[in-house]
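Okay, here's what each chain looks like letter by letter:
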Amino acid sequence: LKDSLIFKKFPDLKLSVISLRKIAKKNKLNLPELSMNWVYSLPEISKVIIGINDSTQLNRNLLSLKKKLLKKNINKVLKINYSNQNVLNPQNWK
């Protein structure tokens, strides 16, 4: 989805997304790459299951895991606090 559509529906999400994009940019990642690397870096996670539409997307996802996210940047992601349950809980999506 385009930012304008996301922020129109969830305006309070904007600052968190901007913060995540800044972290991603500093690490030469895009937002999906940052997200995958962050999840993959968590010690509680041993496997990551992803959905793909085609082999190009699979290759792009696999290549993004070769990029490393520094521990200090993982901690920066963890410091972003977003608690709107209307966004975080898919049961509340309309």
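Higher on the page you've got the structure.
Residue numbers run consecutively from 1 along every chain, following the written order of its sequence. Two thresholds apply to this predicted model, a pLDDT of at least 70 for residue-level local features and 80 or more for giving and counting side-chain atom pairs, whereas whole-chain, interface and lining totals are computed over all residues. With hydrogens and water stripped out, all remaining heavy atoms of the structure feed into the side-chain values.

Q: Explanation requested: a positive patch on the surface in the structure shown.
A: Patch membership needs two things, relative accessible area over 30% and no salt bridge, and members are linked within 9 Å if like-charged or within 5 Å if nonpolar (Val, Leu, Ile, Met, Phe, Trp, Tyr). Here the Shrake-Rupley method, with its probe set to 1.4 Å, supplies the accessible areas, and only the displayed protein chains count as covering residues. Here, a salt bridge means any Lys or Arg side-chain nitrogen found within 4 Å of an Asp or Glu carboxyl oxygen. All tallies of charge rest on Lys and Arg as positive and Asp and Glu as negative; His and the ends of each chain are not included. Charge placement uses NZ in Lys and CZ in Arg. For Asp and Glu, CG and CD serve respectively. Residues Lys22, Lys26, Lys72, Lys76 and Lys79 make up a contiguous surface patch of positive charge. Helix numbers and strand numbers start at the N terminus; a helix is a DSSP run of H or I with at least 4 residues, a strand a run of E with at least 2. Of all elements in the fold, only helix H2 (14-26) and helix H5 (71-79) reach the threshold of two or more residues within the positive patch. The dominant element in the positive patch, judged by the number of residues it contributes, is H5, at three residues. Mapping lysine 72 onto the fold places it in helix H5. A relative accessible area of 54% places lysine 72 in the exposed class. Partly exposed residues are those whose accessible area sits between 20% and 50% of the maximum for their type, while under 20% is buried and over 50% is exposed, using a 1.4 Å probe and protein chains only.

Q: Help me understand H2 in this model?
A: The α-helix winds at 3.6 residues per turn, so residues separated by three or four positions along the chain end up facing the same way. Multiplying 1.5 Å by the residue count of a helix minus one yields the expected span of that helix. Taking 1.5 Å of rise per residue, 13 residues should cover 18 Å, and H2 covers 19 Å from first to last C-alpha, within 8% of that figure. Inspection of H2 places Ser16, Val17, Ile23 and Ala24 among the buried residues, and these make up the whole buried set. The buried residues of H2 occupy an angular sector of 125 degrees when projected down its axis, which confines them to one face. Away from its buried face by more than 90 degrees, H2 exposes Leu15, Lys22, Lys25 and Lys26. Just past H2, the residue lysine 28 takes up positive phi, approximately 55 degrees. Think of the arc as the fan of directions from the helix axis to the C-beta atoms.

Q: Would you mind going over the pattern of salt bridges with me for this structure?
A: Side-chain pairs of opposite charge can arise where the charged atoms are in close proximity. Counted according to the given criterion, the structure contains two salt bridges. The shortest N-O distance in the salt bridge between arginine 21 and aspartate 3 comes to 2.7 Å. You can see arginine 21 sitting in helix H2 and its partner aspartate 3 sitting in helix H1 (residues 3-9), a full 18 residues away along the chain. The exposure class assigned to arginine 21 is partly exposed, which follows from its relative accessible area of 35%. Among the residues examined, aspartate 3 registers a relative accessible area of 28% and is labelled partly exposed. Two residues, glutamate 33 and lysine 67, come together in a salt bridge whose shortest N-O distance is 3.1 Å. Taken together, the residues glutamate 33 in helix H3 (residues 31-41) and lysine 67 in the loop between helix H4 (55-64) and H5 connect sequence positions 34 residues apart.

Q: How do you make sense of H5 when you look at a structure like this?
A: Asn73, Ile74 and Val77 are the residues of H5 that are buried. For H5, the angular spread of buried residues about the axis comes to 105 degrees, placing them on one side. Residues of H5 that are exposed and point over 90 degrees away from its buried face: Lys71, Lys72 and Lys79. A contact between two residues is defined here by any heavy atoms of the two lying within 4.5 Å. Lining the buried residues of H5 we find H2 and H3.

Q: Before we go on, may I ask you to explain the side chain of serine 16 in this structure?
A: Structurally, serine 16 can be placed in helix H2. Among residues more than four places away in sequence, those in contact with serine 16 are Ile80, Asn81 and Tyr82.

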